[in-house]
Amino acid sequence: MKNVLVKSALSLLLSSSILIGGSIGVLADEQTPDGSEAIEVEGDTVSEDALYGSTDKKVALNSTNFPDATFRDILRDTDYDTNGDGYLSETEIDGIKRLYLSYKDISSLKGIEYLTNLCELYISGNNISSVDLSANPGLKRAYETGETTVFGSYTKYECYNEAWAHPLRTLTVDNTTKVTFSSGLGWKQNSSGWWFKNADGSYPNDCLKYLGGFLFCFDKNGYIVTNTWKEIDGTWYYFDKEGEAFFDWHNINGKWYFFGINHDLWTGNYIVIHNWEILKGIQTTTVYYVNDDGVMQTGWQLINGEWRYFNNSGEMQTGWVNVSGKWYYFEEDQSEAKNPRVATMITGWKEINGTWYYFKSSGAMAANEFWNGYWLNADGSWTYKHVASWKQNSKGWWYGDDTGWYAKNETLTINGKSYNFNSSGYCTNP
C-alpha cells in the first residue's frame, strides 16, 4: 500500500553491557520475584550493572579478543572505532553493520562474536578454515534462509529485504571455509521466551538493542517483548510476533500507523513519500497525515486552520476532487520554504488554467447559479460577462442584467439561496 519514508537515521540505543569473560546459564527452576523464569548469570566477572543495561563497558581491541592482527587492525580504523580509543563501545558495535574483509590474508575471525549487529560480511579469498557465527543473527539469517549463489571458489548467501530500511543480509565465504553455529551464543529460548547470549556470557535486559539489523526490546528479565506497544523514554514502538520493531506503514487493529527509520511512531505530522520511476525520469510525491495518536487520517481534516482532504488510502488530494458529488479544488503550496508542499482547499474566486471559478465558503464549486451577479455554467466556469443584480420597483423585487434579460418563470440560486420568479419576473420569496 505504501512505501517507506526517506528519513535520516539516528541511532537510538539503550544497550546492555559487554564484558570480557564470564559465562551464562539458564536455570528452568529459578524464578524472579514476579514469578517469571529467571536467566541466571554465573561467575564473578559479571557485575550487577551488567544486568540492567549499563553502557560503560567496552570490548578491547587486543590480541585476546581479536587474535588475528589484520582483523584487529581493520577494526581499529575510525570507521569502526570511531573515537580511536582502542575499544569498541556498544554504540560502535551497533554501528558495525558490514565488513569487507575479502583478500586480506586473515586466518582467524575470532572476536566476530562481539559484532552482534553485523548484516554483511565478505571474507572470501582468505585463509580462514572455519568461522562460528552463532552470535551474529543477521549473518545466520543470510546463511540459513538466503539465496545461495556459487561463484567458483566462493559462495554468496544473500537474504533479500522486504524494504530498503532493513539492511541487506549477506555472507560471502570461501567454499573451503566451514561455517558453524556451535558456540552456544546468540538467540536462546526457554519456557519464558527468547533471550540473547552475548560473547561474554551476559545478556541484554531492560533495554533496546539492535541485533542483525533489527531492533528488539528486552524486558527486565532479559526476554524480548512481542506483539505489543512499548513506550520508552516518551517514544512509542511496536514489536511484532518475532520481537522485531516495526518500521514503515503497519495496520494494527484496523488502523494504519507509520514508524520511522528509527522504528519510532510518528505522531501529529505529515508523512512524505517520494517515489521515483527511474526509467521514465519521473518523481512523484505523496503526502499522508497522522494524528496525535499516530493514526493515519482520511477524509476531511482541519490542520492548522486549513482544510485538506485525504482519500481512503490516506493520500492527500491536490487539484480537482469530487467529494459526495461536489467539486472542490485543492491548491498545492509551491513555496520552496514550504515543506511538505501541502494542498489547501480553495474558497472564493480562483482562476484555473485560464478559466475563472467560484468556490463557496464550504469549498464546494458553484455551478448553474449566480454568485456576486456572475453566472456560473454547469461545469462551474464563468464565461457570461454581463453582471446581474437585484432591482426593485413598486411591484416588487426582480433580478436582471444590463442586456435586458431578467429572470421569470424559474427558480435561480443566487449567492447560495434559491429564489422563485413568477411569469412577470418578480421574486415570490425575496
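Please refer to the structure placed before this passage.
Residues numbered from 1 in each chain as written. Predicted model: local features only at pLDDT ≥ 70, side-chain atom pairs only at ≥ 80, totals over all residues. Heavy atoms only, no water.

The helix and strand inventory of the protein chain stands at three helices and 34 strands. Looking at the 430 residues of the protein chain, the share that counts as buried comes to 48%. (Helix = DSSP H or I, 4+ residues; strand = E, 2+ residues; numbered from the N terminus. Buried < 20%, exposed > 50% of the residue type's maximum accessible area, 1.4 Å probe, protein only.)

We now examine the pattern of salt bridges. For the structure shown, the criterion picks out 10 salt bridges. Two residues, Asp73 and Arg76, come together in a salt bridge whose shortest N-O distance is 3.2 Å. Taking the relative accessible area as the measure of exposure, Arg76 reaches 40% and is therefore partly exposed. Residues Glu369 and Lys360 are paired through a salt bridge, measuring 3.1 Å at the closest nitrogen-oxygen approach. Note on Glu369: relative accessible area 5%, which makes it buried. Counted as one network, the salt bridges with shared partners bring together Glu90, Asp94 and Lys209. (Salt bridge = Lys/Arg side-chain N within 4 Å of Asp/Glu carboxyl O.)

Let us now look at the sheet that holds strand 24 (residues 319-323). Read across the sheet, three strands follow the order 24-25-26 without closing on themselves; strand pairing throughout is antiparallel. This sheet does not close on itself; its edge strands, each paired only once, are strand 24 and strand 26 (343-345). On average, each strand axis in the sheet is inclined to that of its neighbour by 35°, with strand direction left out of account. Two strands pair when backbone bridges link them, and strand 24 and strand 25 (residues 326-332) are joined in this way by five bridges, in the antiparallel orientation. Within the sheet, the bridge partner assigned to Val323 lies in strand 25 and is Lys326. (Pairing = 2+ DSSP bridges. Axes fitted to C-alpha atoms, helices over the stretch in contact; angles between N-to-C directions.)

We now examine the sheet that holds strand 9 (residues 154-159). In space, the five strands of this open sheet follow the order 5-6-10-9-8, with mixed pairing throughout. Two strands in the sheet have a free side with no partner beyond their single neighbour: strand 5 (98-100) and strand 8 (147-151). Between one strand axis and the next, the sheet turns by 15° as a mean value, whatever way the strands run. When strand 9 meets strand 10 (residues 169-174), the two strands line up antiparallel, connected through six bridges. Bridge pairing in strand 10 links Cys159 to Arg169.

Moving on to helix 3 (residues 137-145). Looking at helix 3, one finds that the buried residues are Pro137, Gly138, Leu139 and Ala142. Tucked inside the fold, the buried residues of helix 3 contact strand 6 (120-122), strand 9, strand 10, strand 12 (186-190), strand 13 (193-197) and strand 14 (207-211). (Contact = heavy atoms within 4.5 Å.)

What follows concerns the environment of Gly416. Inspection of the secondary structure puts Gly416 in the loop between strand 33 (410-414) and strand 34 (417-421). The class of Gly416 is partly exposed, set by a relative accessible area of 47%. On a C-alpha basis, the gap between Gly416 and Glu369 in space is 8.0 Å, while along the polypeptide they are 47 residues apart. For Gly416, the residues in contact, after removing those within four places along its chain, are Glu369 and Trp371.

To continue, consider the pairing of strand 19 (residues 255-259). In this sheet, strand 19 lies alongside strand 18 (residues 248-252) in antiparallel orientation, the contact comprising five bridges. If you follow Trp249 over to strand 19, its bridge partner there is Phe258. Counting the residues between successive antiparallel strands, the hairpin from strand 18 to strand 19 contains two residues, one of them, Asn253, with a positive phi of roughly 55°.

As a further point, take the layout of surface pockets. By volume, the largest pocket amounts to about 520 Å³. The wall of the largest pocket is formed by 25 residues, among which Pro137, Lys140, Arg141, Trp187 and Trp194 lie closest to the centre. The set of elements that each furnish at least two residues to the lining of the largest pocket consists of helix 3, strand 12, strand 13 and strand 15 (214-218). With six residues, the single largest contributor to the lining of the largest pocket is helix 3. (1 Å grid on protein atoms, 1.4 Å probe; cavity = no way out; pocket = protein on both sides within 12 Å on 5 of 7 lines; lining within 4 Å. Points joined across faces, edges and corners; volume = space filled by probe spheres on them.)

What is shown is where atoms sit, not what they do.
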